[in-house]
Amino acid sequence: MIRIFDTHVHYDDAAFDSDREEVLASLKDSGVLRVTDIGAGIASSKTALELSRRYPWMYCALGVIPGQCSELNDETWEWLQAAAAREDKCVAIGEIGLDYHWDDDPADVQKEWFSRQLRLAAEVSKPVVIHSREAARDTIDIMKAEHAGDIGGVMHCYSYTKETARELLEMDFFFGIGGVVTFKNARKLVEAVEYIPLSNLVLETDCPYLAPVPHRGERNTSAYLGLVADRIAEIRKISTEEVLEAAWHNAHRLYKIAET
Ligand code: NI
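Residues numbered from 1 in each chain as written. Predicted model: local features only at pLDDT ≥ 70, side-chain atom pairs only at ≥ 80, totals over all residues. Heavy atoms only, no water.

A look at the coordination of the nickel ion
In a perfect tetrahedron of four donors around a metal, the angles come out at 109.5 degrees. In a perfect octahedron of six, they are 90 or 180 degrees.
Right, on to step 1. Listed as protein donors to the nickel ion are His8 (NE2), His10 (NE2), Glu95 (OE) and Asp206 (OD); their distances from the metal cover 2.1 to 2.3 Å.
Right, on to step 2. Viewed at the metal, the 4 donor atoms of the nickel ion are separated by angles of 85 to 173°, and the geometry they form is irregular.
Right, on to step 3. All donors of the nickel ion come from a single chain, and their spacing in sequence reads H-x1-H-x84-E-x110-D.
Right, on to step 4. Taking the relative accessible area as the measure of exposure, histidine 8 reaches 1% and is therefore buried.
Right, on to step 5. Residue histidine 10 is classed as buried on the basis of its relative accessible area, which comes to 5%. (Donors = N, O, S within 2.8 Å, 3.2 Å for Na, K, Ca; no water. Tetrahedral: all angles 85-135°; square planar, octahedral: opposite > 155°, others 65-115°. Buried < 20%, exposed > 50% of the residue type's maximum accessible area, 1.4 Å probe, protein only.)

Laid out in C-alpha cells, this is it:
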C-alpha cells in the first residue's frame, strides 16, 4: 500500500483559494495520507493552523520565513510563542532560517529572528523546519550555537553540497527532497541524495512551488510527489516503494507523530 507524507506544503497559499477543498479531498487518491502545512509568516501560520484543525490528517508548522521578519513585533511574537506552546496540531517551528538570495530583510535581522525562533523551538520541545538559501555557513554556525542537534528538524528543499550535508548529519537532521531533484541541472543535489542515508530523507513538495518534471512551472500539489520518489529511487538504485516506506517512517520521526 502506498503511503505518502508530504512534509512541506503551503495549502494556505492564495494559489489554492479557488479549489482548496477539492485539491485536499483528492490527495488520498494519490496515496497522500498526511501533510504538514508550513507557515511562511504570521498570516500564513494562522491559516495553516486553521487548516490543520479542520483536517485530522493535516499538521502545521508555525514560524516566520526570512524576508517576512518585518511582520514580527511584540504582539505577533507573543501570539507565535503562545500558539507554538499551546496547539497540539503545531508539530514544528518553521519555516525559519536565512535567505541571502533576496534582501527583503538585512542579514543581521534574519540572523536575530532565526536564533530567537530556534530558541522558541527548544522551549516548546518541537523540531524546526529550516529554509536556507545561499547562506550555508551562517546557517550551520547559528544552528551549532543554538544546539540545533538537541532540537532536531529538517533542512527543507536541500540545495547544498555533500560536505554541508555531513555537518547536518552530525546534528542528525533530516533533508527535505522535492521537485528540484527531477530537474536536469540538479547534479549537486543528485550527489547529495546518493550520499545522505535513506534514514534521513523526507519527501516534500513545497507546493504550490517547485513542481517536478514533467509539470515544471505548473502549480504543484502533493499528488506529484510520487514523481520525486521515483527519481530518488532511480538515483539510489532501489525501488520507489522502499523510498516511500522509509520516507513515511522518517516523516513521523521528524515531527514526533505516532504512525497509527
Ligand atoms: Ni516552503
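Next, the rest of the story.
Regarding the pairing of strand β7 (residues 174–177)
Right, on to step 1. Residues Phe174 and Gly176 of β7 are buried on one face, and the alternating residues Phe175 and Ile177, pointing to the opposite face, are buried as well.
Right, on to step 2. Summarising the sheet, strand β6 (residues 153–155) and β7 pair through 2 bridges and their orientation is parallel. Along β7, the bridge assignment pairs valine 154 with phenylalanine 174.
Right, on to step 3. A crossover connection joins β6 to the parallel β7 through helix α7 (residues 162–170); in handedness this β-α-β unit is right-handed.
Right, on to step 4. The parallel pair β7 and strand β8 (residues 201–203), bridged by helix α8 (residues 187–195), forms a crossover whose chirality is right-handed. (Helix = DSSP H or I, 4+ residues; strand = E, 2+ residues; numbered from the N terminus. Pairing = 2+ DSSP bridges. Right-handed = clockwise from strand over helix to strand, strands pointing away.)

Quick notes on the layout of surface pockets
Right, on to step 1. Of the pockets and cavities examined, the largest pocket occupies roughly 650 Å³.
Right, on to step 2. When contributions to the lining of the largest pocket are tallied by element, the ones reaching two or more residues are β5 (128–133) and α8.
Right, on to step 3. A per-class count over the lining of the largest pocket returns 11 nonpolar, 7 polar and 8 charged.
Right, on to step 4. Size it by volume and the second largest pocket reaches roughly 200 Å³. (1 Å grid on protein atoms, 1.4 Å probe; cavity = no way out; pocket = protein on both sides within 12 Å on 5 of 7 lines; lining within 4 Å. Points joined across faces, edges and corners; volume = space filled by probe spheres on them. Nonpolar A, V, L, I, M, F, W, Y, C, P; charged D, E, K, R; others polar.)

Structural notes on the sheet that holds β7
Right, on to step 1. Here we have 8 strands laid out as an open sheet, ordered β1-β2-β3-β4-β5-β6-β7-β8, and parallel in their pairing. Sheet topology places β1 (4–9) and β8 at the edges, where each strand pairs with a single neighbour. Strand after strand, the sheet turns through a mean of 30° between neighbouring axes, direction not considered.
Right, on to step 2. Here 4 bridges tie strand β2 (residues 32–38) to strand β3 (residues 58–62), and the two strands are oriented parallel to one another. Note on β3: the bridge partner recorded for valine 35 is methionine 58. (Axes fitted to C-alpha atoms, helices over the stretch in contact; angles between N-to-C directions.)

A short note on the pattern of salt bridges
Right, on to step 1. By the definition in use, this model includes 15 salt bridges.
Right, on to step 2. Here arginine 116 makes a salt bridge to glutamate 112, at a shortest N to O gap of 3.5 Å. Of this pair, arginine 116 and glutamate 112 both sit in helix α4 (residues 107–124), 4 residues apart, which is roughly one turn of the helix.
Right, on to step 3. The salt bridge involving arginine 231 is made with glutamate 234; its shortest N-O contact spans 2.7 Å. Taken together, the residues span about one helical turn, with arginine 231 and glutamate 234 both in helix α9 (residues 225–236) at a distance of 3 residues.
Right, on to step 4. According to the relative accessible area criterion, arginine 231 is partly exposed, its value standing at 25%.
Right, on to step 5. By relative accessible area, glutamate 234 is classed as exposed at 53%.
Right, on to step 6. Residues joined in a network through salt bridges with shared partners are Arg137, Asp141, Lys144 and Glu167. (Salt bridge = Lys/Arg side-chain N within 4 Å of Asp/Glu carboxyl O.)

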